[in-house]
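Each chain, written out:
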Amino acid sequence: GEDVEQSLFLSVREGDSSVINCTYTDSSSTYLYWYKQEPGAGLQLLTYIFSNMDMKQDQRLTVLLNKKDKHLSLRIADTQTGDSAIYFCAESLGGYQKVTFGIGTKLQVIP
Amino acid sequence: DSGVTQTPKHLITATGQRVTLRCSPRSGDLSVYWYQQSLDQGLQFLIQYYNGEERAKGNILERFSAQQFPDLHSELNLSSLELGDSALYFCASSSLDRVGKTGELFFGEGSRLTVL
């Protein structure tokens, strides 16, 4: 079955790195995504990784995928106060018709 | 601004009532997705429409229904409302009938429903 799990809360100091973790259960997931939700707004796609990749880097963001353990992480380097938001891990299955989201991790950046 | 418009932004109603939430997708997008976000269950997929036809169904209750009109806007109808239906309801759109490799869904700002 499909299930995406994340921790609920992470607090980091400005300038430090943040690592947000996620586990998924469906081995047929084809794409895995990170979305960001700022207060009072909808979700926005941050980055995605195809399931045959191990790592993807995009400026301050690094996504690591461990397929064996079904573990996905998002590392934000030099975390800024503007990074404070809820981060959702998500997966899409073979048909791409449905994206399943985790519960979201609230990132608090302390100045 | 994602280009997806949802109305109303806030809605307060009583148990047993019926409400309609409206979504206008991004210009050119043919797919509309509805999600329910609650504190304890996160973001739950409800239903997807593509060019007027239902394409995928998730955890949508029988008391809920949706449709997509010829002008591509969509409505989510919630009836016999219960306290537990209080949540933020998001609409998202994409250009294809499937999310595609970028996984990019464009989300509206949501409609917050409070059932008293």
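You'll find the structure just up there.
The rules behind these values
Residues numbered from 1 in each chain as written. Chains lettered and ligands numbered in written order. Predicted model: local features only at pLDDT ≥ 70, side-chain atom pairs only at ≥ 80, totals over all residues. Heavy atoms only, no water. Helix = DSSP H or I, 4+ residues; strand = E, 2+ residues; numbered from the N terminus. Buried < 20%, exposed > 50% of the residue type's maximum accessible area, 1.4 Å probe, protein only. Contact = heavy atoms within 4.5 Å. Disulfide = S-S within 2.5 Å. Pairing = 2+ DSSP bridges. Axes fitted to C-alpha atoms, helices over the stretch in contact; angles between N-to-C directions.

## Brief notes about the environment of A:Thr23
All names here are of chain A.
Item 1. Mapped onto the fold, Thr-23 is located in strand S3 (residues 18-24).
Item 2. Exposure remark for Thr-23: the relative accessible area of 31% places this residue in the partly exposed category.
Item 3. The spacing of Thr-23 and Gly-102 is 79 residues in sequence and 8.9 Å in space, taken between C-alpha atoms.
Item 4. Residues in contact with Thr-23, not counting those within four places in the same chain, are Asp-3, Val-4, Glu-5, Lys-70 and His-71.

## Regarding the state of the cysteines
Item 1. The final tally for this structure, using the stated rule, is two disulfides over all chains.
Item 2. Put simply, A:Cys22 and A:Cys89 are joined by a disulfide, and their sulfur atoms are 1.9 Å apart. Handedness of the A:Cys22-A:Cys89 disulfide follows from its S-S torsion of about -60 degrees: it is left-handed. Placement of the pair is A:Cys22 in strand S3 and A:Cys89 in strand S9 (residues 85-92), with a sequence separation of 67 residues. The exposure classification of A:Cys22 matches that of A:Cys89, with both residues buried.
Item 3. Paired by a disulfide, B:Cys23 and B:Cys91 hold their sulfur atoms 1.8 Å apart. Between B:Cys23 and B:Cys91, the S-S dihedral sits near -50 degrees, and the bridge is therefore left-handed. Here B:Cys91 lies in strand S9 (residues 87-94) and B:Cys23 lies in strand S3 (residues 19-24), a separation of 68 residues in the sequence. Like B:Cys23, the residue B:Cys91 is buried in the burial classification.

## Brief notes about the sheet that holds S3(B)
All names here are of chain B.
Item 1. Pairing is antiparallel across the open sheet formed by four strands, whose spatial order is S1-S3-S8-S7. Looking at strand neighbours, the two that pair on one side only are strand S1 (5-7) and strand S7 (64-68), the edges of this open sheet. The sheet shows a mean angle of 15 degrees between the axes of neighbouring strands, taken without regard to direction.

## Topic: the sheet that holds strand S7 (residues 61-66) of chain A
Residues and elements named next belong to chain A.
Item 1. The sheet built from five strands is open, its strands ordered S1-S3-S8-S7-S6 with antiparallel pairing. Both outer strands of the open sheet, strand S1 (4-6) and strand S6 (55-58), are each paired with one neighbouring strand and no more. For this sheet, the mean inter-axis angle between neighbouring strands, taken without regard to orientation, is 15 degrees.

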